[in-house]
Every structure is written in C-alpha cells, then in structure tokens.
Amino acid sequence: MNKVLVFGVGLIGGSFAAALKAAGAVGEVVGFGRTRAGLEEALRLDLIDRIGESIAAEAPDADLVLLATPVGGMGSLMQALAPHLGPNTVVTDGGSTKHDVVANAYAAFGGRIGQFVPAHPIAGAENSGPAAARADLYRERKVVVTPLPENPPAAVARVWDAWAACGAVLHTLTPADHDRVFAAVSHLPHLLSFALVHDLAVRDDRDMFFTFAASGFRDFTRIAASHPEMWRDICLANRAALLEELDRYTAQLAGLREALASGDGAALEAAFESARTARRAWAEGKLV
C-alpha cells in the first residue's frame, strides 16, 4: 500500500501503523487525532510519517483508512470521510463492537458501503496513548474481520492482508456473532473488573483494602486500568448483548451465593472444578 490513514494514533492505531511500517507494507502512514500533542508524540515516536493536513486533502488517494477511535465517535468521523473517499479507498475499523459501527457505516457511506470492511483486533493493554503503541502488539494475536454482503473480495483482501502484515491471526465472524461473543469474553470481564475496583475505591476504609490487595486482586483487576471513555462507549454500544450476559452472570452469582449461605461445599466445589477444567483447557489451546 502506498498510503494509509490512521485516525487515532494511540495503542490500537499507533501499533497498527508501527507494525505496517516495520513490515515494509506501506509507503506512508498519515495520522489524524483529537489533539495536536498526541499527533506530535506519534510523529516523534515514528509511529506515523506525517500529520494529516485535512480529510479532504488526504482521503482521496489513500489505499486504506483505519478508524481507531472510540466507537462512540465513529459515526461522525464516517460522515466526514464519506464525501472524500477515492474510488479505490478501503475503510476499516478497530472497534470492539460491530452492530453499531456497521449501522453508522451504512448511514454514512450509503451506496459506497462496499468500501467499508469492519474488523476488530483482539489485542490491547491497560495503557493508552501513542507511548503505549508497539510494532509487535498484533503478532500472533487474533483479528476478527466481519465482512458485509456488499464488500467486494478485493476490499476484504486488502484489510485481511494489512492485518496479516502486522503478524495477526485472522478469523471471520458475522457482526451479530461478534458482538454476542465479545459481550461474554471481553466486555463483561471489563465491567466486572471496573465494578470491583470501584466498590472498594468508594469505601471510607479503602486504604486498608488496597494495602493488602495482592496477586489475585492484581490479576483480576488489571483491565480496570483501561481507558474509561473507550469502555463507556463499548458497554453502551453493545448494551443489549452485555445485559444478557450480565443477567447470566448474575444468575451464576446467585447460585453460588445460595450454596455459600446454605454451607453447600459440594456445590461450590463442583462449580469451581468445572471452571478450573474449562480455564485450563482454554489456556492450553484446547476446545472446552
């Protein structure tokens, strides 16, 4: 690719840019962002080659555009991009939810919806911003592409090949299946982690709890250090599927609470053993 535009040059977008540059898969990466300071930092870190002049000046001859902003802002960004897309430009995203992003894309791109290929890199960290980006973030990590019926094979291939150049392992899901799966295995764990830390943080004696918190607390709550704005948008965007998963989890907790209240050690142990078996199988790369 000769020219790639990246909107959002933090962890996700900055790492995508750095990986493409490291692989020699792009001639030029042009960055856009909400703050000049962030863009200048990305430029200083060599994540991007230059800061974009304007969408109107940069989009028409771009081979690929990555939207790596919080999902809540993608709709307005798509509206700004739509009038300036070149006939051969392909747009993709790195959003953690898909049905809302796809709906915004249909509204913005209309008859040119075939030029938008949704995707989601399953990689990240609790830190954000250009300084958190790294060229190996996607190496051997999953990226899910969720093509639309209107996407020509060449457009899907461009997105697929770009992520492959970053070292990613590619998978395909429908947007609906994507949101159902990630509500359970990503969005719910973040919600639970935030909830536990928040519960302790608002207590009057919180210092005592945090003083004695150790590895178990650290492992469970690592993701509570994630970007609040991004996760606010993700939770709201996927709220239907997330509420369903939260209800299922609440039922699990109710069952464990009943076993605990009644002193039913056998029920607790059975649940723990089932969970341990599934967790170990997953960690070993086996199907549960």
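Residues numbered from 1 in each chain as written. Predicted model: local features only at pLDDT ≥ 70, side-chain atom pairs only at ≥ 80, totals over all residues. Heavy atoms only, no water.

Chemist: Residue-level account of the packing of aromatic side chains, with values.
Modeler: This structure, assessed with the given rule, holds five aromatic pairs. Ring centres of F7 and F32 lie 4.5 Å apart, and the angle between their planes is 10°; on these two criteria the pair is classed as stacked. You can see F7 sitting in strand 1 (residues 3-7) and its partner F32 sitting in strand 2 (residues 28-32), a full 25 residues away along the chain. The exposure class of F7 is buried, given its relative accessible area of 5%. Three or more aromatic residues joined by ring pairs form one cluster here, namely F16, Y138 and W163. Against the face of F209 rests R203, its NZ or CZ located 4.9 Å from the ring centre. (Phe/Tyr/Trp six-rings, centres within 6.5 Å; stacked < 30°, edge-to-face > 60°. Helix = DSSP H or I, 4+ residues; strand = E, 2+ residues; numbered from the N terminus. Buried < 20%, exposed > 50% of the residue type's maximum accessible area, 1.4 Å probe, protein only. Lys NZ or Arg CZ within 6 Å of the ring centre and 35° of its normal.)

Chemist: Describe the side chain of S15, with residues and values.
Modeler: With respect to the secondary-structure elements, S15 resides in helix 1 (residues 11-22). On the basis of relative accessible area, S15 is assigned to the buried category, the value being 0%. Among the polar contacts listed, one links the side chain of S15 to the backbone nitrogen of R134, at a separation of 3.0 Å. (Polar contact = N/O pair within 3.5 Å; in protein donor to acceptor, adjacent residues only side chain to side chain.)

Chemist: Break down the nonpolar core for me, citing the residues and quoting the values.
Modeler: It is characteristic of soluble globular proteins that their nonpolar side chains tend to be buried jointly. One finds V6, F16, Y138 and W163 to be the most contacted residues of the largest nonpolar core, which totals 38 residues. Elements that contribute at least two residues to this core include exactly strand 1, helix 1, helix 2 (36-44), strand 4 (64-67), strand 8 (142-145) and helix 6 (153-165). Setting aside chain neighbours within four positions, we find Y138 in contact with L11, I12, S15, F16, P121, A123, W163, C166, G167 and A168. Counting residues in each nonpolar core, the second largest holds 28 residues, with L77, M78, A82 and I113 among its members. (Core = buried A, V, L, I, M, F, W, Y, C linked by side-chain atoms within 4.5 Å. Contact = heavy atoms within 4.5 Å.)

Chemist: Can you break down the pattern of salt bridges residue by residue, with the values?
Modeler: Under the defined criterion, the tally for this structure stands at 16 salt bridges. Here E229 ties to R34 by a salt bridge, and the two come within 3.0 Å at their closest N and O atoms. Note that E229 is positioned in helix 10 (residues 228-237) and R34 in the loop between strand 2 and helix 2, a separation of 195 residues in sequence. Its salt-bridge partner being D177, residue R180 comes within 3.5 Å of it at the nearest N-O pair. (Salt bridge = Lys/Arg side-chain N within 4 Å of Asp/Glu carboxyl O.)

Chemist: Pulling in residues and values, what's your account of the sheet that holds strand 5 (residues 90-93)?
Modeler: In space, the six strands of this open sheet follow the order 3-2-1-4-5-6, with parallel pairing throughout. What marks the edges here is a single partner per strand, and that holds for strand 3 (50-51) and strand 6 (116-117). Helix 1 contacts strand 1, strand 2 and strand 4 of the sheet and is inclined by roughly 160° relative to strand 1. (Pairing = 2+ DSSP bridges. Axes fitted to C-alpha atoms, helices over the stretch in contact; angles between N-to-C directions.)

Chemist: Let's hear about helix 10: which residues, and what values?
Modeler: Here helix 10 has its buried residues at W231, D233, I234, C235 and A237. Where helix 10 is buried, its residues meet helix 5 (99-109), helix 7 (175-201) and helix 11 (239-261).

Chemist: An account of unusual backbone geometry is needed here, citing residue identities and associated values.
Modeler: A positive phi is found at D46, a non-glycine position, where the angle reads about 65°. D46 gets classed as partly exposed once you look at its relative accessible area, which sits at 48%. Even without a glycine there, the phi angle at E140 is positive, about 60°. On the secondary structure map, E140 appears in the loop between strand 7 (119-121) and strand 8.

Chemist: Run through the side chain of E245, naming residues and quoting values.
Modeler: Tracing the chain through its elements places E245 in helix 11. Once you skip the residues sitting within four places of it in the chain, E245 turns out to touch R180, A183, A184 and L188.

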